[in-house]
Amino acid sequence: MTDLPLSHAVAGAPPRLRTWRVHRIAPWLYILPATVTFLTWVYEPLCRAVWLSFFDWNMLPTSEKTLVGWENYRNILGLDQLWQAAANTGLSIVGLLPVAVALPLAIAIYTEDLPRRARNLYRALIFVPMIIAPVVAATVWRWLLDPGHGIVNLGLQALGFSPIDFLNDPRYALWTIIGITGWKLMGFSTLIFSAANANINPSLIEAARMDGATHWAIVRDIRLPLLSSNVLFLTMMTILLGAQWSFAYINVLTQGGPLGATTNLYYLLWDFGFSSLSVGWASASAVLLFAMFGAIAFVLLRLIDRYSFHDN
């Protein structure tokens, strides 16, 4: 018996079989554009960074890439500048958590019972910094914090305090960057918490009030447990991306100074790649950063799965 071509076999298949085959292939065709985009813009650059981390190259097309093996990694791990940047990154994350998670959570909860118009006004005012371009916001803050004529220092002098050079004093520079970054992120976090808080079933709140629960008891036993997944999510986002979000303010306001006081891991990576033109060092730093934050993300995702509470 002669074998028929595949096209004839499919065409001659029963209608139900053809429909089954189409339905099985269609989902893969739907996700194909997103998959191709993801592979092109995420995994291909990641693989290229891993490959370049083993070479010495200054990014010029006319220069040759020199294979150096693990030397880039050894040199980077031996830098005191790296460990200072890592410490600054950790301190930035710790400083951002209250401003980017705890304070927006409190604002979202305690403005929920306000009249609708007042509640929307509060949230709009808090969200405004989020829509300001980072470079514009940094420029405005440079003027506000000017040690001689800035509004902040003029206010301190009116209260009897000495002017503070917020951006050039190593004691205050990092905390200033943390404050500006937190001011920028507060609106986004408040929006997330407000939306989640408004989605809580009102019957749970009413039942608790009928049973004599106080406002704090409702917050503690109903609102906070039902907002736990959002709290953990924003905590994870702050830990993984907090230092990255502050990059624009560091680049515009302090350039990593004074004396490296505001240099974090992301700014150090950028400095290797675009100031020193050392592609090997920048790629090795990126790989180390990816591995470290990838491990942290894995642990945080496990914690979110374990401790999140949902109202079914």
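If you look the protein chain up in an unreviewed UniProt entry, it shows as Sugar ABC transporter permease from Pandoraea communis. Recorded in UniProt for the protein chain, the comment headed Subcellular location (unreviewed entry) runs: "Cell membrane".

Trainee: Kindly report on the UniProt feature "domain: ABC transmembrane type-1" (unreviewed entry) in the protein chain, identifying the contributing residues and their values.
Mentor: If you check UniProt for "domain: ABC transmembrane type-1" (unreviewed entry), the listed places come out as residues 86-300 in our numbering. The annotated region residues 86-300 carries 75% helix and 0% strand content, and the separation between its end C-alpha atoms amounts to 19 Å.

Trainee: Describe in detail the packing of helix 9 (residues 202-210) against helix 10 (residues 215-226), supporting the description with residues and values.
Mentor: For any two helices packed against each other, one specifies the inter-axial angle together with the distance between the axes. Between helix 9 and helix 10, the least distance of the axes is 10 Å, while the angle of their chain directions is 165°. Looking at the two axes, helix 9 sits roughly antiparallel to helix 10. Here helix 9 and helix 10 pass one another in a crossing that is right-handed. Taken together, the residues of helix 10 that come into contact with helix 9 (itself represented by Leu204, Ile205, Ala208 and Arg209) are Ile218, Ile222, Arg223 and Leu226. Tallied by class, residues from the contact of helix 9 with helix 10 come to six nonpolar, no polar and two charged.

Trainee: Can you lay out the pattern of salt bridges for me, pointing to particular residues and giving the numbers?
Mentor: Two side chains of opposite charge can pair, provided their charged atoms sit close to one another. This structure, assessed with the given rule, holds four salt bridges. With a shortest N-O distance of 3.5 Å, arginine 209 and glutamate 206 are connected by a salt bridge. Of the two residues, arginine 209 and glutamate 206 both sit in helix 9, three residues apart, roughly one turn of that helix. Across the salt bridge formed by arginine 220 and aspartate 221, the nearest N and O atoms sit 3.1 Å from each other.

Definitions and limits used
- Residues numbered from 1 in each chain as written.
- Predicted model: local features only at pLDDT ≥ 70, side-chain atom pairs only at ≥ 80, totals over all residues.
- Heavy atoms only, no water.
- UniProt positions renumbered as here; feature names shortened; annotations may be inferred.
- Helix = DSSP H or I, 4+ residues; strand = E, 2+ residues; numbered from the N terminus.
- Axes fitted to C-alpha atoms, helices over the stretch in contact; angles between N-to-C directions.
- Parallel < 35°, antiparallel > 145°, perpendicular 65-115°, else oblique.
- Left-handed = near helix turned anticlockwise from the far one by under 90°.
- Contact = heavy atoms within 4.5 Å.
- Nonpolar A, V, L, I, M, F, W, Y, C, P; charged D, E, K, R; others polar.
- Salt bridge = Lys/Arg side-chain N within 4 Å of Asp/Glu carboxyl O.

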